[in-house]
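Listed here are the chains, written in short residue letters.
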Amino acid sequence: MALSFMEGNEAIAWGALEAGCRFFAGYPITPATTILNTMLKILPPKGGICLQGEDEIASIGFCLGASMAGMKAMTATSGPGISLYSEQISFAVGSEIPIVIVDVQRLGPSTGSATRGADGDINFLRWGNSGGLPVIVLTPADVNDCFYLTLQAFNLAEEFRCPVFIASNKEVGMTRESIDLAAIERPAIIDRTPPPSGEAFVPFKISAGRTVPYFQPIGDTVLVRQTSSTHGPEGYITIDPDQIAANQNRLMRKLHTAVDRFSFFDSYLENSDTMILTYGVTTRAAQVAADVLKNEGRPVSLLVLKTLWPVPVNLIQKKAQKASRVVVIEMNLGQYVNEITRVLAGKRVDFYGQMDGRLITPKQIKEAVVNG
Amino acid sequence: MDSLLNKDRPPVFCPGCSHKRITTALDKAFRNMGLKGNEVGIVSDIGCSGLFDTFFHTHALHGLHGRALTYAAGIKLARPELKVVVTMGDGGQGIGGAHLLAACRRNLDLTLLILNNFNFGMTGGQFSATTPPDAQVGSRFLNQLERPLDVCQVARSAGAPYVTRCSSYRKDLAAIIEQAIRFEGFSIIDMWGICPGRYTRSNKLTPKMIEASLGQLPPLEGVVAENARPEYGRRYRELAARQHPAAEPVKIEKKFDPPQIGRREVTLLGSAGQRILTAGEILCLAGLSAGLKATQKNDYNITVLRGPSISELVLSTEEIGFTGIDKPDVIIALSQEGIDRRKSLFGSIDQDTLIIQIPGVTLPPSQATIHTVNFKSSGIRSSDWATAALVILAKSNTVLTLQMLNAALEARFSDKSLSAAKDLVEKVKDSL
């Protein structure tokens, strides 16, 4: 076993490279800048392209253009940049452009605290697009997750032609950590699917048995049309309500019906009456708290979500089956707990959160469980 | 060569709209160049100019208002052989101003057609960045307050190597467009035209008047000699090819046994410039050489050479959960502002905690074992104090050993900086 020592941000960059990402564009912003730095170091010598845009809007715009031209593309920013990405994110959602977007969250609101962590963008990532259609959000807890979930993020973006977020946090992205890269299990790499030979390419046509259009790159032999307007199969504007409804419903369905396949999680001691549910860096304190409680003879279950959106309803309900009480811990003032309350209607759902730049400690979690 | 116009989707502009002429001229330019549909990408944004991509049988991307140049840049870099034409109105030019400036500075091989008709046609004739102050438009009096932008002068100052200002009624419009597309680099044509649906309903504007107005401006007809330089994409590929491949992440094998089993926590309290983060990294690399897991959580201000710098290190024979530290085994206290930032830490520690401090700093009261070391009087620079403190720990096999420390220095440094680091170790070993 040989260990490397790197930040979560660096692990995301190396994961992206391994996933086949050859286009990156970003704008400097703490705590995400080291992704840009690392991509700039590793991509150009590999024949890839790494750009620093004139702003965040341009950075993601470059990525959308490159993705439509056939390259796997990624961008990275923090909360203030996600705000600026918003309109382009809606474009990627509605027009099915594969892209991986990393949000290394900092303490908000607004420019907030550049060098302090939080998980304050969790609902923003889901709902910060016009039209409100679903996106995929994955949450790493450590440097291993940063690498592994980046591979998965690219696969999901390619398969479902949608934006996939990696909701990191300063405390994951800029914390250096030992990592055994060789020991990480790799999923098979997925690439966007061209139409089978013999089937004519129609930009947004849904072939039988599929929920996602086939992909052809702009610039190849077959003409490709892409548009941010409400469109029919050919990629021209449409005002036909039936056609519009079918398309909108499909954009929702293609992710909602598939989330069981990409509900990433960790769980411990599944049968207790009380279950802690958390995600991101807080996971690490929750694990310690769960160990302490077990040693004290008061075992609790722990469910760690690594897929937050779409909400992995089946996973959550299954893991919470034995629990009558669920304690949701978040590094914000209460966001995802609303989903848990909805999904686990009938169970007691408690919340403990903190948003002051400090990590939630194992002791705080233990107290929230014991005294709640 | 065949027309690239989309026969199924003829232009839908208002009767008398100059955009129609531009559509025809663009098609003629494509034909004259012998371009096939799959050799061209049209990128458009919002407004009447945003309809252009639908009139042609080419690759097409229609996106957000003012952002067309951003998609075009991604497409062109991914597909250097594609001829990429961007259409934008005076509205897109205004809202996408930052992208326009950047495109001029970048000089990527794109052709930007600005369909300049002095107002927002589609949304009701509001004023744009080019509306004359004395025009009657849909923004009541607001256009009287702002000065119209001469996009060509702006483009020229921003470094565009090819700028043409012309009337959409020029007989040789197709040739003008063709020249711009043929130019290898960023080319802009500011095409003045008439919007019969909105602008000329309340303002008199004729092709002759456009010609007369243009005649009063300094002519710009293509190549801007002072901005001539290599095209961005070509240059990017040249420079990228010269970059050395990035080194793979350094891998450290377990070579030693750690001095302790379990979890050890070390907090470095110092200031920017004391290389606190580097020392923290060295300690973790030392841990790796003994097969330990390690985490390094840093805390510093947004200022660069000022302010406290804190590094929290965990080394453990087990997987590391929580990366925070509330009862460290060791505190290395090298500056008052670093200590002040973590005042609360001292309330939780007892005699099991070892503090290595420099003279002259004030620690909050605690039960800890304190070891004061005067690095300064031994001639050690403050940027080396944190690493020197690691040597002191290693001498007593606390958290790390000298072997582990040396392995870390060899993994982290090379050449001169490695020998300087090793000299430091010897010096501290012998004198402190």
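One numbering rule holds for all chains: residues counted from 1, following each sequence as written. The naming scheme follows written order: chains are lettered A onward, ligands numbered 1 onward. Totals for whole chains, interfaces and linings use every residue, but because this is a predicted model, local features are given only for residues with pLDDT of at least 70 and side-chain atom pairs only at 80 or more, for both listing and counting.

What to know about the overall build of chain A
Move 1: Strands here are runs of E lasting at least two residues and helices are runs of H or I lasting at least four, both read from the DSSP assignment and numbered beginning at the N terminus. Helices and strands together make up the secondary structure of chain A, namely twelve helices and 15 strands.
Move 2: Computed over its C-alpha atoms, the radius of gyration of chain A comes to 21 Å, within 12% of the 21 Å expected for a compact globule of 372 residues.
Move 3: Oriented by its inertia axes, the alpha-carbon framework of chain A measures out at about 65 × 45 × 40 Å.
Move 4: Each residue is classified by how many other C-beta atoms fall within 10 Å of its C-beta atom, where C-beta atoms are placed from the backbone; a count of 20 or more means buried, 12 or fewer means exposed, and values in between mean partly exposed. Burial analysis of chain A (372 residues in total) assigns 60% to the buried set.
Move 5: Throughout, a pair of residues is in contact if the C-beta atoms placed from their backbones lie within 7 Å. Across chain A, contacts joining residues at least 24 apart in sequence account for 75% of those joining residues at least 6 apart. Within these notes, the globule rule equals 2.2 Å times the number of residues to the 0.38 power, and the radius of gyration is based on C-alpha atoms.

Description of the overall build of chain B
Move 1: Of regular secondary structure, chain B possesses 14 helices and 14 strands.
Move 2: Over its C-alpha trace chain B gives a radius of gyration of 33 Å, far above what one expects of a compact globule, namely 22 Å for 432 residues.
Move 3: Dimensions along the principal axes, computed over C-alpha positions, put chain B at roughly 90 × 50 × 40 Å.
Move 4: Residue burial in chain B is summarised as follows: out of 432 residues, 51% are buried.
Move 5: Taking as baseline every contact in chain B between residues at least 6 positions apart, the subset at least 24 positions apart corresponds to 68%.

A short note on the environment of Ala246 of chain B
Move 1: Structurally, Ala246 of chain B is set in the loop between α9 (232-241) and β8 (252-253).
Move 2: For Ala246 of chain B, a count of 18 C-beta atoms within 10 Å gives the class partly exposed.
Move 3: Remark: the alpha-carbon pair of Ala246 of chain B and Lys395 of chain B, spanning 149 residues in sequence, is separated by 36 Å.
Move 4: What Ala246 of chain B contacts, discounting residues up to four positions off in sequence, is Lys41, Ile42 and Pro45 of chain A.

Some details on the interface of chain A and chain B
Move 1: Contacts between chain A and chain B engage 58 residues on the former and 55 residues on the latter.
Move 2: Elements with a contribution of two residues or more to the side of chain A that touches chain B: β1 (2-7), α2 (33-42), α3 (56-68), α4 (79-94), β8 (176-179), β9 (225-227) and α9 (282-295) of chain A.
Move 3: Here the side of chain A that touches chain B gets nine residues from one element, more than from any other, and that element is α3 of chain A.
Move 4: Residues are grouped as follows: Ala, Val, Leu, Ile, Met, Phe, Trp, Tyr, Cys and Pro are nonpolar; Asp, Glu, Lys and Arg are charged; all remaining types, including Gly, are polar. The residue makeup of the side of chain A that touches chain B, split by class, is 32 nonpolar, 17 polar and nine charged.
Move 5: With three bridges connecting them, β9 of chain A and strand β2 (residues 59-62) of chain B associate as parallel partners. Its bridge partner being in β2 of chain B, Gln226 of chain A is matched across the sheet by Leu61 of chain B. Criterion used throughout: strands pair if DSSP finds at least two bridges between them.

Topic: the nonpolar core
Move 1: Each nonpolar core reported here comprises buried Ala, Val, Leu, Ile, Met, Phe, Trp, Tyr and Cys residues connected via C-beta atoms within 7 Å. Val100 and Ile276 of chain A together with Ile75 and Val86 of chain B are the most contacted members of the largest nonpolar core, which totals 237 residues.
Move 2: In terms of residue count, helix α6 (residues 143-160) of chain A provides more of this core than any other element does, eleven residues in total.
Move 3: The residues contacting Val100 of chain A, other than those within four sequence positions of it, are Ala16, Met74, Ala153, Phe154, Ala157, Val164 and Ile166 of chain A.

What about the sheet that holds β9 of chain A?
Move 1: Read across the sheet, eight strands follow the order β9(A)-β2(B)-β1(B)-β3(B)-β4(B)-β6(B)-β5(B)-β7(B) without closing on themselves; strand pairing throughout is mixed. Each edge of the sheet is formed by a strand with only one pairing partner; in this case those strands are β9 of chain A together with β7 (221-223) of chain B. Along the sheet, successive strands turn relative to each other by an average axial angle of 15°, direction set aside.
Move 2: Contacts from helix α5 (residues 151-158) of chain B reach β4 (111-116), β5 (162-167) and β6 (187-192) of chain B within the one sheet, and its direction differs from that of β5 of chain B by about 175°. Here an angle of 0 to 180 degrees is reported between the N-to-C directions of two axes, which are lines fitted to C-alpha atoms, with helices fitted over the stretch in contact.

Let's talk about unusual backbone geometry
Move 1: The linkage connecting Thr30 of chain A with the following residue, Pro31 of chain A, adopts the cis geometry, with an omega of 5°.
Move 2: Within the secondary structure layout, Pro31 of chain A lies in the loop between β2 (21-26) and α2.
Move 3: Look at the link from Trp309 of chain A to Pro310 of chain A: it is a cis peptide, with omega at -10°.
Move 4: Following the sequence through the fold, Pro310 of chain A ends up in the loop between β13 (307-309) and α10 (313-319).
Move 5: At Glu96 of chain A, a residue that is not glycine, the phi angle is positive and equals roughly 60°.
Move 6: Relative to the helices and strands, Glu96 of chain A resides in the loop between α4 and β5 (99-105).
Move 7: Even without being glycine, Phe118 of chain B reaches a positive phi, approximately 70°.
Move 8: Mapped onto the elements, Phe118 of chain B comes out in the loop between β4 and α5.

Quick look at the sheet that holds β1 of chain A
Either a parallel or an antiparallel arrangement is found when strands of a sheet pair, and the pairing is made through backbone hydrogen bonds.
Move 1: Spatially, β8(B)-β1(A)-β8(A)-β10(B)-β11(B)-β9(B)-β12(B)-β13(B)-β14(B) is the arrangement adopted by the nine strands of the open sheet, whose pairing is mixed. Lying at the two open borders of the sheet, with one neighbouring strand each, are β8 and β14 (369-372) of chain B.
Move 2: By the bridge criterion, four bridges tie strand β12 (residues 330-333) of chain B to strand β13 (residues 354-357) of chain B in an arrangement that is parallel. Bridge pairing in β13 of chain B links Val330 of chain B to Leu354 of chain B.

Here we look at the pairing of β5 of chain B
All names here are of chain B.
Move 1: Judged by how many residues are buried, β5 sits mostly within the fold: six of six residues are covered.
Move 2: By the alternation rule, side chains of β5 split into Tyr162, Thr164 and Cys166 and Val163, Arg165 and Ser167, which are all buried.
Move 3: Note: β5 against β6, six bridges, orientation parallel. Bridge pairing in β6 links Val163 to Ile188.
Move 4: For the crossover that starts at β5, traverses helix α6 (residues 173-182) and ends in the parallel β6, the hand is right-handed.
Move 5: Two strands pair when backbone bridges link them, and β5 and β7 are joined in this way by three bridges, in the antiparallel orientation. Counterpart to Thr164 in the pairing with β7 is Glu221. By convention, a crossover is right-handed whenever its connection, traced from the first strand over the helix to the second and viewed with the strands pointing away, goes clockwise.

Observations concerning the domain arrangement of chain A
Residue and element names in this part refer to chain A.
Move 1: Boundaries between domains were set according to an automatic or database domain assignment. When its domains are assigned, chain A resolves into domain 1 (1-262) and domain 2 (266-371).
Move 2: Inter-centroid distance (C-alpha atoms) of domain 1 to domain 2 is 27 Å.
Move 3: Residue-level contacts link 29 residues of domain 1 with 22 residues of domain 2.
Move 4: Of all the elements in the fold, those that place two or more residues in the side of domain 1 that touches domain 2 are α5 (122-127), β6 (136-138), α6, β7 (163-169), α7 (170-173) and α8 (241-256).
Move 5: When grouped by side-chain class, the residues that make up the side of domain 1 that touches domain 2 number 15 nonpolar, seven polar and seven charged.

Section: the packing of α3 of chain A against helix α2 (residues 68-78) of chain B
Move 1: Packing of α3 of chain A against α2 of chain B brings their axes to within 6 Å, and their N-to-C directions diverge by 45°. In this view, α3 of chain A runs oblique relative to α2 of chain B, as classed from their interaxial angle. Every pair of crossing elements has a handedness; the one defined by α3 of chain A and α2 of chain B is right-handed. Contacts between α3 of chain A and α2 of chain B involve Ile57, Ala58, Gly61, Phe62, Cys63, Leu64, Gly65, Ala66 and Met68 of chain A on the former and, on the latter, Thr70, Tyr71, Ala72, Ala73, Gly74, Ile75, Leu77 and Ala78 of chain B.
Move 2: Partitioning the contact of α3 of chain A with α2 of chain B into residue classes produces 13 nonpolar, four polar and no charged. An angle counts as roughly parallel when it lies under 35 degrees, as roughly antiparallel when it exceeds 145, as roughly perpendicular when it falls between 65 and 115, and as oblique in every other case. Put simply, a crossing is left-handed when the front helix is turned counterclockwise from the back one by less than a right angle, and right-handed when it is turned clockwise.

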